Amino acid sequence: MKESNHPALLVSRGDNPWNGMTSSYEQEEANRLIGAMDLRALDFSPFNHLIAYDDPDPLLVRLNPISKVVINKDYFSALRKTDGTDTRTGGKQVIGNFLDITFSRLSPRQLALFLIESQIIQTYWHVEAELSLYSEEETEDIYSARFTGQHIFFTNERNTSPLDFTVRIDKKNGEMAVMNFAGESVQK
């Protein structure tokens, strides 16, 4: 396991691709599934905070005028948003598959960061999350990136809760998953 010195990430509600698309429980549940579509013939808007991932073409976009978030089918299967705030240990949540298993479009590290910055992996309940790439492990078959930090939420007052999860990418079949860390929590 290699510890990382990657800079802290700030993931906030202001950059949420689903802003304005959660007015009902039904809509919120429907947004958990992210369809994979061919973007070439569609009218869409990219997300400014994800522009670093959009070369040579966008990965995650909002369709116009129907306000639906979709993922580029050239690189991804349909995806399911997952919860990185889940504090139960040992749980595995499958997100979907990355189809470019040559990793020429995104390296495994870039892919893990994209999943967090795009908020496909949810890292906060109400406001924002601050997290860091704590460590990485890579073999011929698997890439794992452990993220630690905290998220901010409100009940009657401001609260923080720790984050500690691993993004696991199977380099043979492209399966992407979130593993809630089944060990001693690490906070920096």
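Before reading further, recall that the structure is shown in the block above.
These remarks concern the structure in this document. It should be emphasised that the depicted structure is a prediction, and the values quoted were computed from it without experimental measurement. (Residues numbered from 1 in each chain as written. Predicted model: local features only at pLDDT ≥ 70, side-chain atom pairs only at ≥ 80, totals over all residues. Heavy atoms only, no water.)

### Some words on the pairing of strand β12 (residues 142-154)
Applicable threshold: For each residue, the accessible area found with a 1.4 Å probe, counting protein chains only, is set against the maximum for its type, and the residue is called buried under 20%, exposed over 50%, and partly exposed in between. Only DSSP runs of H or I with at least four residues qualify as helices, and only runs of E with at least two residues qualify as strands; both kinds are numbered from the N terminus onward. A pair of strands is considered paired only if DSSP assigns at least 2 bridges between the two.
Among the 13 residues that make up β12, 11 are buried, leaving the element largely enclosed by the rest of the structure. Taken together, the 10 bridges between strand β11 (residues 128-138) and β12 define a ladder with antiparallel strand orientation. Paired with L133 across the two strands is F147, which belongs to β12. Note: β12 against strand β13 (residues 158-170), 13 bridges, orientation antiparallel. Note that in β13 the partner of H151 across the bridge is S161.

### Here we look at the sheet that holds strand β3 (residues 33-37)
One open sheet holds the 5 strands; their spatial order is β4-β5-β6-β3-β7, and the pairing between them is mixed. Only two strands of the sheet have a single partner each, and these edge strands are β4 (44-46) and β7 (79-80). Here strand β5 (residues 60-63) runs beside strand β6 (residues 68-72); their pairing, made up of 4 bridges, is antiparallel. Bridge pairing links L63 to K68 in β6.

### Quick notes on the environment of I95
Worth spelling out the cut-off: We call two residues in contact whenever any of their non-hydrogen atoms come within 4.5 Å of each other.
Note that I95 resides in strand β9 (residues 92-97). Counting along the chain gives 18 residues from I95 to S77, while the straight-line C-alpha distance between them is 9.4 Å. In contact with I95, other than residues within four places in its own chain, are A78, L79, R80, T82, L115, I120, I121, M176, A177 and V178.

### Section: the side chain of N159
Our working definition: Whenever a nitrogen or oxygen atom comes within 3.5 Å of another N or O atom, the pair is scored as a polar contact, on the condition that within protein one atom can donate a hydrogen and the other can accept it, and that pairs from neighbouring residues in sequence are kept only if both atoms are in side chains.
One can find N159 in strand β13. At 3.0 Å, the side chain of N159 forms a polar contact with the side chain of T155. For N159, the residues in contact, after removing those within four places along its chain, are H151, I152, F153 and F154.

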